[in-house]
Amino acid sequence: MLFKSTINPSHKVNFKEAFMQGICPFKGLYIPEQIPRLPIEFWDNLDSMSNQEIAFKLLSPYLIDEIGQEALTEAVAKTFHFPFPLVALSENIYTMELFHGPTLAFKDVGAQFMAEMHRFFNAQSARKITVLVATSGDTGGAVAQSFFGMDNVEVVILYPKGKVSPIQELQLTALGGNIHACAVLGDFDKCQAMVKKAFSDTDLQELSLTSANSINVARWLPQMVYYALIYKELKNKNKEIVVSVPSGNFGNLAAGLLATAMGLPIANWLAATNINDTVPHFLTTGEWNEKETKATISNAMDVSAPSNFVRIQQLKEFWQLNGNLLGASCTDVETKQSMKFIFEQFQYIADPHGAVGFKVLNDHLKDHTSKIGVFMETAHPIKFPEVVQEAIPSKIPIPQSIESLTKKTGSFKVIADDIALKNFLLKL
Ligand SMILES: *Cc1c(COP(=O)(O)O)cnc(C)c1O
């Protein structure tokens, strides 16, 4: 399969190139040149297939010709090895929990699949690569976990000191080995600016720096699978399904729409954001207005220039999006009320991102009572303990998988500026 640039459609590359480059020349994003439609029998028979078989079938058209059946089977097995429970809160409201992976957020899926692609494409060359990434919280942990212990790979993660939660920080700092946590005294934007500068520094070119950015096709594509799993569970209810996706950079939602373009029978989508509402505002008014990013309690979605939205717009060529994709935003006060409401009504503890998804969904269902609604729970509430505990009285249970993590102490290096980062990279 070839992938074309969203900016210049005549620029086409294969999966390997799209994966290696990440972003295409002139800042376009790669999208598949064609989107195959899977037959209706495939969707009808989802319940007879395992999650890994479903993932294999959805990903296969995009990369099997380059990596082959064996490698794809293995990559899928290493990525989709934990459950994706669909939990009923009421008769017509469900949540899909995407947080049962090793770092308790949905980014585990994309990061692990990307690591598997590195293993496949770089295994032949003995060249050392350095993955350099800035994180506002969840990406860093997922990337660290996925690349931990991999031969010939160093991972350098820049994070804003004091602005990630204690568990998020431990996920970056406690692994050691080939994972290097760099604490920056500043905000996420500063971390990102330092990463960008390093990528454009010619002195650093010999290090084979590579990004683990969420726009990479290897991180984007596997996320289609969640939505097929929703349909697998709910199709026998014979009701229209509406899915609410708490969104920041819009990769997750763009993957859902790609699955729809492949024939997934989910017709209604809600783009749910916090007050960084560029997309809902655009969907409602037709006006694209990037305001300055504001900090919120659903901080993984503090994005005002969502790079993946261009993919969503281009998918319109394949699928009549109009009318089926709606957007709405939610203030911090509403997010807290939403966490409280979910707990009081359903005895369920949502994280702030899921709570945004719920609020937008719940408002929609008031006027669409015959539909079944699903909101995506993108992270475990324990990753945001302060905010959640402020909203609800009950203590958040600590998942077994991270109990040992909470007993560890992490180590990190304080990196003051571009020059300090450069020196650190050169000494790795
Ligand atoms: C990254 C993230 C999001 C936003 O996902 P996008 O694909 O960037 O829209 C939402 N919730 C959580 C918890 C995240 O970590």
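Placed above this text is the structure.
Thresholds applied
- Residues numbered from 1 in each chain as written.
- Predicted model: local features only at pLDDT ≥ 70, side-chain atom pairs only at ≥ 80, totals over all residues.
- Heavy atoms only, no water.
- Helix = DSSP H or I, 4+ residues; strand = E, 2+ residues; numbered from the N terminus.
- Rg over C-alpha atoms; globule rule 2.2 N^0.38 Å.
- Buried < 20%, exposed > 50% of the residue type's maximum accessible area, 1.4 Å probe, protein only.
- Contact = heavy atoms within 4.5 Å.
- Areas by Shrake-Rupley, 256 points an atom, 1.4 Å probe, with all protein chains shown as cover.
- Lys, Arg positive; Asp, Glu negative; His and termini not counted.
- Charge placed at Lys NZ, Arg CZ, Asp CG, Glu CD.
- Salt bridge = Lys/Arg side-chain N within 4 Å of Asp/Glu carboxyl O.
- Phe/Tyr/Trp six-rings, centres within 6.5 Å; stacked < 30°, edge-to-face > 60°.
- Patch = residues over 30% accessible without salt bridge, like charges linked within 9 Å, V, L, I, M, F, W, Y side chains within 5 Å.
- Right-handed = clockwise from strand over helix to strand, strands pointing away.
- Pairing = 2+ DSSP bridges.
- Polar contact = N/O pair within 3.5 Å; in protein donor to acceptor, adjacent residues only side chain to side chain.
- 1 Å grid on protein atoms, 1.4 Å probe; cavity = no way out; pocket = protein on both sides within 12 Å on 5 of 7 lines; lining within 4 Å.
- Points joined across faces, edges and corners; volume = space filled by probe spheres on them.
- Axes fitted to C-alpha atoms, helices over the stretch in contact; angles between N-to-C directions.
- Core = buried A, V, L, I, M, F, W, Y, C linked by side-chain atoms within 4.5 Å.
- Near = heavy atom within 4 Å.
- Nonpolar A, V, L, I, M, F, W, Y, C, P; charged D, E, K, R; others polar.

Chemist: Would you explain the overall build of the chain in this entry?
Modeler: Of the regular secondary structure elements, the chain holds 17 helices and 14 strands. For 428 residues, the compact-globule estimate of 2.2 N^0.38 gives 22 Å, and the chain sits close to it at 21 Å. Along the first, second and third principal axes, the C-alpha atoms of the chain reach 60 × 50 × 45 Å. Scored against the burial criterion, the 428 residues of the chain give a buried share of 57%. Across the chain, the fraction of contacts at a sequence separation of at least 24, relative to all contacts at a separation of at least 6, is 75%. Total accessible area on the chain stands at roughly 17600 Å², and carbon and sulfur atoms take up 51% of it. Each charge class in the chain was averaged separately, 37 positive and 43 negative side chains, and the resulting centres sit 2 Å apart.

Chemist: So what exactly am I meant to see when it comes to the pattern of salt bridges here?
Modeler: Two side chains carrying opposite charge are able to pair once their charged atoms lie near each other. Using the criterion set out here, one finds 14 salt bridges in the structure. Here Lys336 and Glu390 are joined by a salt bridge, their closest N and O atoms 3.6 Å apart. Linking Lys336 in helix α13 (residues 332-346) with Glu390 in helix α15 (residues 385-391), this pair joins segments that are 54 residues apart in sequence. Its relative accessible area of 31% is what places Lys336 among the partly exposed residues. With a closest N to O distance of 3.5 Å, Glu344 and Lys340 form a salt bridge. Taken together, the residues span about one helical turn, with Glu344 and Lys340 both in helix α13 at a distance of 4 residues. Judged by relative accessible area, Glu344 falls into the exposed class, the value being 51%. A cluster of three or more residues bridged by salt bridges with shared partners is formed by Asp201, Asp203 and Lys422.

Chemist: I keep staring at the packing of aromatic side chains and nothing clicks. Help me out?
Modeler: Between two aromatic rings, the relevant description is the distance of the centres plus the angle of the planes. The final tally for this structure, using the stated rule, is 21 aromatic pairs. Seen in terms of ring centroids, Phe3 and Tyr62 are 6.5 Å apart; in terms of plane orientation they differ by 45°. Their pairing is tilted. Taken together, the residues span a long stretch of sequence, with Phe3 in strand β1 (residues 2-5) and Tyr62 in helix α3 (residues 51-79) at a distance of 59 residues. Its relative accessible area of 0% is what places Phe3 among the buried residues. Both rings, one in Phe341 and one in Phe358, keep their centres 5.9 Å apart while their planes meet at 35°; by these two values the pair is tilted. Remark: Phe358 occurs in helix α14 (residues 352-367) and Phe341 occurs in helix α13; sequence separation between them is 17 residues.

Chemist: I tried to follow a nonpolar patch on the surface on my own but got confused; where do I start?
Modeler: Where nonpolar side chains cluster on the molecular surface, the patch consists of Leu185, Phe412 and Val414 and spans about 290 Å² of accessible area. Inspection of the secondary structure puts Phe412 in the loop between α16 (400-403) and β14 (413-414).

Chemist: Can you walk me through the side chain of Asn308 in this structure?
Modeler: Residue placement: Asn308 occurs in the loop between α11 (278-285) and α12 (309-315). With residues up to four places along the chain from it excluded, the contact list for Asn308 reads Leu29, Ser214, Ile215, Asn249, Phe250, Gly251 and Ala254.

Chemist: Just to check I follow, could you spell out unusual backbone geometry for this structure?
Modeler: Glycine aside, negative phi is the norm for most residues, and most peptide bonds take the trans geometry. In this structure, Leu104 takes a positive phi of about 65° despite not being glycine. Looking at the element boundaries, Leu104 is found in the loop between β5 (93-97) and α4 (107-122). Relative accessible area serves as the criterion here: at 2%, Leu104 is assigned to the buried category.

Chemist: I'm lost on the pairing of strand β6 (residues 129-134) in this one. Help?
Modeler: In the case of a regular strand, side chains alternate between the two sheet surfaces. Of all 6 residues in β6, 6 are buried; the element is thus mostly enclosed. The side-chain alternation of β6 yields two buried faces, one formed by Ile129, Val131 and Val133 and the other by Thr130, Leu132 and Ala134. Following the chain from β6 across helix α5 (residues 138-147) to the adjacent parallel strand β7 (residues 153-160), one finds a crossover that is right-handed. Alignment of β6 against strand β9 (residues 209-210), held across 2 bridges, turns out to be parallel. Bridge assignment links Val131 to a residue of β9, and that residue is Thr210.

Chemist: Sorry, what's going on with the side chain of Asp201 here?
Modeler: Tracing the sequence through the fold places Asp201 in the loop between α7 (188-199) and β9. From its side chain, Asp201 meets the backbone nitrogen of Asp203 in a polar contact 2.9 Å long.

Chemist: Got a minute to help me understand the layout of surface pockets in this structure?
Modeler: Space left empty within the atom packing is revealed by a probe, the size of a water molecule, rolled over the atoms. Looking at the second largest pocket, its volume works out to about 280 Å³. Along the wall of the second largest pocket there are 16 residues; nearest its centre are Val164, Ser165, Asn299, Glu386 and Val387. Considering every element that reaches the lining of the second largest pocket, the biggest residue donor is α15, with 4 residues.

Chemist: Looking at this model, I keep getting lost on the sheet that holds strand β8 (residues 179-184). Mind explaining?
Modeler: Hydrogen bonds between backbone groups are what pair the strands of a sheet, and the pairing can be parallel or antiparallel. If you trace the 5 strands from one edge of the open sheet to the other, you get β9-β6-β7-β8-β14, paired in parallel fashion. Bordering the open sheet on either side are β9 and β14, each of which pairs with just one other strand. Packed on one face of the sheet, α7 meets β6, β7, β8 and β9 and runs near 150° to β6.

Chemist: I would appreciate a short explanation of the nonpolar core in the present structure.
Modeler: A general trend in soluble globular proteins is that nonpolar side chains are found buried together. One finds Phe15, Trp43, Leu58, Met96, Ile230 and Met376 to be the most contacted residues of the largest nonpolar core, which totals 98 residues. At 12 residues, α3 tops the list of elements feeding residues into this core. Sequence-distant contacts of Ile230, that is, excluding residues within four places in its chain, are made with Leu86, Met96, Ile241, Val243, Ile266, Val374 and Met376. If you look at the next biggest cluster of nonpolar residues, it comprises 38 residues, including Leu89, Ile93, Cys330 and Ala355.

Chemist: Even after reading the chapter, I still don't get the site of the ligand, so can you show me in this structure?
Modeler: Neighbouring residues of the ligand: 15 residues in total, closest Lys107, Asp138, Gly248, Asn249 and Phe250. Within the backbone of Gly248, an N or O atom sits 2.8 Å from an oxygen atom of the ligand. The side chain of Thr378 places a nitrogen or oxygen atom 2.8 Å from a nitrogen atom of the ligand. Look at the ligand: alone it shows 390 Å² of surface, and the protein chains cover 95% of it. Per-class residue counts for the shell around the ligand are 6 nonpolar, 7 polar and 2 charged.

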